[in-house]
Amino acid sequence: MRKGRPFLEIFTYALDEDYRFPILEIFAFLFALGTFVFADFAPYGQTEEALAYSLVSTLCGFPLLFIFVFLILKNVAYGLGGDLEKGVMQTLFSYPLKRRYILTAKLLSGLGIAVLLFFGIQIFGLFLLAPDVILTYPSTVFLTYAAQLCSPALLLAGLVLFFTLRLKRGGLAVVIGVVLFLAGLIVSGFVTSIAYGTGSDLSLKIWAVINPNSALQIYYYNMGMVGFAPKTWVPSFSEVLLYLGAGYLVVAALFVVGYAYFDRRLEI
Amino acid sequence: MRWVTLLGRIGTVILAIGLALLVFSLIPSGAGSQYGWSQPIGPEQYMLEELWVYSPQTGLQISMESTDNVHVYLLGVSPVEHDNWRTLLMEAYPDSDPHLVMFIYSYTVPLLFFHEAYPEQPFPDLFGPQTQNMVWNVTVLDKGLETHPEIILWDPPQGSTFSHELFPEDVLNMMAVVANPSSNTVEVDWKVKEIAAVASKDRIIVAARLLIPIGIALAIPWLILRKVKRSTF
């Protein structure tokens, strides 16, 4: 048997489990409706590039991002956790396939399809709402989506993957993921207050590694603010890229830990 | 069978997206923010109100009434150009006075017009009546608009009642200007309302009309197969 066939078998099985009719359709409906309902053209920055950033940010604002993160957490935690609890994973391990490929097939379904669906609808919506934004500032649009995808989406997915494998229970891992998502929202408010209060930008920089979108946000919102000395840290564009890279390194590290645990330490 | 399932699920997703667009197109546009104010304008003086940044999707509806004939303009400056002008003014008036910085930030266009009209004139007393009269003089405005005619978006003839709706073609910092050319003080009442573009909704309806039939066409074979399969087992 060719190596690709068992991989495809597991991938198809995961797709069936993660997106039973009409789960995929409900999420597609919510993503599409939310994209248009939450689109806000009110600019918060001083330049057209900042306007592009603020528009894309509102498109993937809190309610929609929460639904997207919930879909990912549901797929990663319930998809894997359910298989571990019900003993399906033992059957999957009997396939002539390395463990890491089994996990890849599961993640490709749970994470890859969700990301494809969400960002596909977002880009389509952006083309309908403001084609000039996406055509004039493709790099700003790409960077904003890359930052939003890094954290909270992929960061939480990496953490929940590890918790699911460790706890062997999907439900608890989803709860932890949702709590972490909400905690992140609260912390982002605190971080700015701490920076203002102490006059030190350390808290902002640490937070920018965990959530690179915060660095991007400060960068764009301060763009074109001539004459006013910023009260807190304002990163340069190269620093923003650096923090985005660091954010993805953290995410990659989490997934490496998850893969290593699944590959070598997971006992069923 | 697998191809029918794959195409069917793609079809149902497209249908869901099309239905979402249809639902959105039925939601009435929300009324934007609205604000108004009254202001006296001295003889041969003008006033400028920075409105906000507007785009082809977010326009404004402006209405105004005055006690005598006035000249009204709607001006629009691209944020980049606005920034360049601020930088130019900062360099022209290298004063660290925070009030001046604030003034440059809030009234970039009037100060640029003033600077162009009186390039050698410093700011002896920013809030003194003499400086204020010079900055807000109608002659300075006329000279400024002659130098920068490209920023005029709307220039109706003189009158005492005005109403206009405008969607800029680009993202622009919009300003409303009222010039009082008479020798009497006039009282001006303003109302500005933010309005959302309907054009994007037209595009959404077209997209919905396209997606829904495609989605149905792709989904039907899969849905039939699914039903047949269920009734068989």
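Quick caveat: nothing in here was measured; it's all calculated off a predicted structure. (Residues numbered from 1 in each chain as written. Chains lettered and ligands numbered in written order. Predicted model: local features only at pLDDT ≥ 70, side-chain atom pairs only at ≥ 80, totals over all residues. Heavy atoms only, no water.)

Chemist: Help me understand the interface of chain B and chain A in this model?
Modeler: Interface size is commonly expressed as the accessible surface area that is lost when the partners come together. With 34 residues of chain B at the interface, the matching set in chain A holds 32 residues. Summing both partners gives a buried area of about 3000 Å² for chain B against chain A, and 70% of it is carried by carbon and sulfur. Counting the contacts that link chain B with chain A gives one salt bridge. Run the count over chain B and chain A and you get five residue pairs in polar contact (both at pLDDT 80 or more). (Contact = heavy atoms within 4.5 Å. Buried area = accessible area lost by both parts, 1.4 Å probe. Salt bridge = Lys/Arg side-chain N within 4 Å of Asp/Glu carboxyl O. Polar contact = N/O pair within 3.5 Å; in protein donor to acceptor, adjacent residues only side chain to side chain.)

Chemist: Help me understand unusual backbone geometry in this model?
Modeler: Most peptide bonds are trans, and most residues other than glycine sit at a negative phi. All names here are of chain A. Phenylalanine 21 connects to proline 22 through a cis peptide bond whose omega is 5°. The topology assignment puts proline 22 in the loop between helix H1 (4–18) and helix H2 (23–37). The residue after serine 151, namely proline 152, is reached through a cis peptide bond having omega 15°. Its location among the elements puts proline 152 in helix H8 (residues 138–167). Phi at lysine 168 takes a positive value of approximately 60°, unusual for a residue other than glycine. The residue lysine 168 is located in the loop between H8 and helix H9 (170–198) in this model. Under the relative-accessibility criterion, lysine 168 is labelled partly exposed at 32%. (Helix = DSSP H or I, 4+ residues; strand = E, 2+ residues; numbered from the N terminus. Buried < 20%, exposed > 50% of the residue type's maximum accessible area, 1.4 Å probe, protein only.)

Chemist: Mind showing me how you'd approach the packing of H8 of chain A against H9 of chain A here?
Modeler: Two measures define how a pair of helices packs: the angle their axes make with one another and the distance between the axes. All names here are of chain A. Between H8 and H9, the shortest axis-to-axis distance is 9 Å and the interhelical angle comes to 150°. One finds that H8 runs roughly antiparallel with respect to H9. With respect to the hand of their crossing, H8 and H9 are arranged in right-handed fashion. Within the contact between the two elements, H8 uses Pro152, Leu156, Leu159, Val160, Phe163, Thr164 and Leu167 and H9 uses Gly170, Leu172, Ala173, Ile176, Gly177, Leu180 and Phe181. (Axes fitted to C-alpha atoms, helices over the stretch in contact; angles between N-to-C directions. Parallel < 35°, antiparallel > 145°, perpendicular 65-115°, else oblique. Left-handed = near helix turned anticlockwise from the far one by under 90°.)

Chemist: What is the right way to look at the side chain of asparagine 180 of chain B in this model?
Modeler: Residues and elements named next belong to chain B. On the secondary structure map, asparagine 180 appears in strand E6 (residues 172–180). At 2.7 Å, the side chain of asparagine 180 forms a polar contact with the side chain of serine 182. Excluding residues that lie within four positions of it along the chain, asparagine 180 makes contacts with Ile41, Gly42, Pro43, Glu44, Gln45, Asn69, Val70, Val138, Thr185 and Val186.

Chemist: Please clarify how the packing of aromatic side chains should be interpreted in this entry.
Modeler: Pairs of aromatic rings are described using the distance from one ring centre to the other and the angle between the two planes. What the rule picks out here adds up to 27 aromatic pairs over all chains. Look at phenylalanine 27 of chain A and phenylalanine 31 of chain A: their rings are 6.1 Å apart centre to centre, the planes differ by 55°, and that puts the pair in the tilted class. A residue pair is termed a helical-turn pair when its members lie 3 or 4 positions apart in one helix, as phenylalanine 27 of chain A and phenylalanine 31 of chain A do in helix H2 at four residues. In this structure phenylalanine 27 of chain A comes out as buried when scored by relative accessible area, which is 11%. The exposure class of phenylalanine 31 of chain A is buried, given its relative accessible area of 0%. Summarising the aromatic geometry, the rings of phenylalanine 162 of chain A and tyrosine 261 of chain A are spaced 5.8 Å apart at their centres and angled 75° between planes, so their arrangement reads as edge-to-face. Highlighted residues: phenylalanine 162 of chain A in helix H8 and tyrosine 261 of chain A in helix H12 (residues 237–265), separated in sequence by 99 residues. Here the aromatic cluster, defined as three or more aromatic residues joined through ring pairs, consists of Phe27, Phe31, Phe68, Phe118, Phe119 and Tyr145 of chain A. The ring centre of tyrosine 105 of chain B lies 4.0 Å from the NZ or CZ of arginine 86 of chain B, which sits over that ring. (Phe/Tyr/Trp six-rings, centres within 6.5 Å; stacked < 30°, edge-to-face > 60°. Lys NZ or Arg CZ within 6 Å of the ring centre and 35° of its normal.)

Chemist: Mind showing me how you'd approach the confidence of the model for chain B here?
Modeler: The predicted coordinates of low-pLDDT regions are not to be read in fine detail. For chain B, per-residue confidence averages 86 on the pLDDT scale, and 93% of positions sit at 70 or higher. Among the prediction metrics, the complex's ipTM stands at 0.92, with pTM recorded as 0.77. (pLDDT = per-residue confidence, 0-100.)

Chemist: How should I be thinking about the environment of leucine 88 of chain B in this particular structure?
Modeler: Residue and element names in this part refer to chain B. Locating leucine 88 in the fold gives a position in helix H2 (residues 79–92). Classification of leucine 88 as partly exposed rests on a relative accessible area of 37%. Spatially, the C-alpha atom of leucine 88 lies 9.9 Å from that of threonine 108, the residues being 20 residues apart in sequence. Those residues in contact with leucine 88 that lie beyond four places of it in its chain are Leu112 and His115.

Chemist: Explanation requested: helix H4 (residues 108–117) of chain B in the structure shown.
Modeler: Along an α-helix, residues three or four positions apart point the same way, because every turn accommodates 3.6 residues. Within H4 of chain B, nine of the 10 residues are buried, which leaves the element mostly enclosed by the surrounding structure. Those residues of H4 of chain B that fall on the buried side of the exposure criterion are Thr108, Val109, Pro110, Leu111, Leu112, Phe113, Phe114, His115 and Ala117 of chain B.

Chemist: Sorry, what's going on with the nonpolar core here?
Modeler: Looking at soluble globular proteins, one finds that nonpolar side chains tend to be buried together. Formed by 81 residues in total, the largest nonpolar core has its most connected members in Phe31, Phe68 and Ile72 of chain A. Of all the elements, helix H6 (residues 99–129) of chain A adds the most residues to this core, at 14 residues. Those residues within four positions of phenylalanine 68 of chain A in sequence are excluded, and the remaining contacts are Phe31, Ala114, Val115, Phe118, Phe119, Leu149 and Ala153 of chain A. Counting residues in hydrophobic clusters, the runner-up holds 27 residues, among them Ile104, Leu111, Leu141 and Ile151 of chain B. (Core = buried A, V, L, I, M, F, W, Y, C linked by side-chain atoms within 4.5 Å.)

Chemist: Sorry if this is basic, but what is going on with the state of the cysteines here?
Modeler: One way to say it: the disulfide is the covalent bond shared by the sulfur atoms of two cysteines. Residues and elements named next belong to chain A. The final tally for this structure, using the stated rule, is zero disulfides over all chains. Here cysteine 60 is not disulfide-linked; the sulfur of cysteine 150 is the nearest cysteine sulfur, at 13 Å. Judged by its relative accessible area of 2%, cysteine 60 falls in the buried class. Taking relative accessible area as the criterion, cysteine 150 reaches 0% and is therefore assigned buried. (Disulfide = S-S within 2.5 Å.)

Chemist: Got a minute to help me understand a nonpolar patch on the surface in this structure?
Modeler: All names here are of chain A. A cluster of nonpolar residues, Phe62, Leu182, Leu185, Ile186, Phe190 and Ile194, forms a patch on the protein surface that exposes about 570 Å² of accessible area. Examining the composition of the nonpolar patch, we find that five residues originate from one element, H9, more than from any other. Following the sequence through the fold, leucine 185 ends up in helix H9. Overall, leucine 185 belongs to the partly exposed group, its relative accessible area being 40%. (Patch = residues over 30% accessible without salt bridge, like charges linked within 9 Å, V, L, I, M, F, W, Y side chains within 5 Å. Areas by Shrake-Rupley, 256 points an atom, 1.4 Å probe, with all protein chains shown as cover.)

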